[in-house]
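Here are the chains, one letter per residue:
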Amino acid sequence: MRRILLSGALLAGTTAALALPGVAAAEGAGAVTPDTVKPGGRVTFSTVCAEGVKSADVAGTTLGLPARIPMEAGKSPGSFSVAVDIPATTSAGTFNVSIDCADGSSSVVKLVVSPTGGVPTGGGSTAQGPNRTLMAAGGGLLLVGAAGALALRRRTV
């Protein structure tokens, strides 16, 4: 009988320990859509605060935005969102952006700012279009190599 009571108490304690963090995680849960953007693009930050919270804001300094960007209240209690344009001068990288509720709870979302244009691989010789001098030099080397191979082949036959 004692084992049954002890097992029941252990099961109840484990269930409570697992359930309570899930409830706490639901409040102050933030999101950013899309989570990857190019400089100059638009993203929407959203969060769900505890019921009864009247305001929330986004800390924008890491992205080159104002320090506090007020969020607009959503249709359901405690929900907030705001759409912002990422400055065109924002450098590529991963940014941790804080979304803060008025009750003191907060969440951090990751926003990836991707580079604009092609892959930054440097300025190779063909970056500015075809270079006729290099093409002529390369073609000449191919002809010299072919002539040398032909001369060696005749010698061995």
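Before reading on, note that the structure itself is shown above.
Quick notes on the rules
- Residues numbered from 1 in each chain as written.
- Predicted model: local features only at pLDDT ≥ 70, side-chain atom pairs only at ≥ 80, totals over all residues.
- Heavy atoms only, no water.
- Helix = DSSP H or I, 4+ residues; strand = E, 2+ residues; numbered from the N terminus.
- Buried < 20%, exposed > 50% of the residue type's maximum accessible area, 1.4 Å probe, protein only.
- Contact = heavy atoms within 4.5 Å.
- Pairing = 2+ DSSP bridges.
- Salt bridge = Lys/Arg side-chain N within 4 Å of Asp/Glu carboxyl O.
- Disulfide = S-S within 2.5 Å.

> Teacher, can you tell me more about the overall build of the protein here?
Scanning the protein for helices and strands turns up 2 helices and 9 strands. Within the protein, the fraction of its 157 residues that count as buried is 24%. Of all intrachain contacts in the protein linking residues separated by at least 6 positions in sequence, the fraction that spans at least 24 positions is 56%.

> What is the right way to read the sheet that holds strand 2 (residues 36-37) from this model?
Strand-to-strand pairing in sheets goes through backbone hydrogen bonds, with the strands running parallel or antiparallel. Strand order in the open sheet formed by 5 strands is 2-9-8-4-5, and the pairing between neighbours is mixed. In this open sheet, the two strands that pair with only one neighbour each are strand 2 and strand 5 (69-70). Pairing analysis gives 8 bridges linking strand 8 (residues 93-101) to strand 9 (residues 106-113), with the strands arranged antiparallel. Bridging across to strand 9, Thr94 finds its partner in Val112.

> Help me understand the pairing of strand 8, please; the structure alone is not making it clear to me.
On any regular strand, side chains alternate: one points to one face of the sheet, the next to the other face. As paired strands, strand 4 (residues 56-58) and strand 8 are joined by 3 bridges and run antiparallel to one another. Residue pairing in the sheet places Val58 in a bridge with Ile99 of strand 8.

> Can you walk me through the pattern of salt bridges in this structure?
A side chain with one charge can pair with a side chain of the opposite charge if their charged atoms come near. Here the structure, examined in full by the defined rule, presents 3 salt bridges. A salt bridge links Arg68 to Asp57, with the nearest nitrogen and oxygen atoms 3.4 Å apart. Of this pair, Arg68 sits in the loop between strand 4 and strand 5 while Asp57 sits in strand 4; the two residues are 11 residues apart in sequence, bridging distant segments of the chain. Among the ionic pairs, Arg68 bridges to Asp100, the shortest N-O distance being 2.7 Å.

> I keep staring at the pairing of strand 9 and nothing clicks. Help me out?
Here strand 9 shows one buried face, formed by Ser107, Val109, Leu111 and Val113, and one open face, formed by Ser106, Val108, Lys110 and Val112. Where strand 2 and strand 9 come together, 2 bridges link them in parallel fashion. Note on strand 9: the bridge partner recorded for Thr36 is Val112. Hairpin connection, strand 8 to strand 9: the antiparallel pair is bridged by 4 residues, and Gly104 has positive phi, about 100°.

> What is the right way to look at the state of the cysteines in this model?
A disulfide bridge is the covalent bond that connects two cysteines by way of their sulfur atoms. A full pass over the atoms with the stated rule returns 1 disulfide. In this model Cys49 forms its disulfide with Cys101; the gap between the sulfur atoms is 1.9 Å. On the sign convention where negative is left-handed, the bridge of Cys49 and Cys101, at about -80° about the S-S bond, is left-handed. One end of the pair, Cys49, is in the loop between strand 3 (42-48) and strand 4; the other, Cys101, is in strand 8, and 52 residues separate them in sequence. Across this residue pair, the class does not change: Cys49 and Cys101 are buried.

> Explain the sheet that holds strand 1 (residues 29-33) here, please?
Strand order in this open sheet of 4 strands is 1-3-7-6, and the pairing throughout is antiparallel. At either margin of the open sheet sits one strand with a lone partner, and together these are strand 1 and strand 6 (72-73). Summarising the sheet, strand 1 and strand 3 pair through 5 bridges and their orientation is antiparallel. Bridging across to strand 3, Gly30 finds its partner in Thr47.

> I tried to follow the environment of Val58 on my own but got confused; where do I start?
Assignment of secondary structure puts Val58 in strand 4. With a relative accessible area of 1%, Val58 lands in the buried category. Sequence separation between Val58 and Phe45 is 13 residues, and the spatial gap between their C-alpha atoms is 7.7 Å. Discounting residues that sit within four places of it in the chain, Val58 has contacts with Phe45, Ala67, Arg68, Ile69, Met71, Val82, Val97, Ser98 and Ile99.

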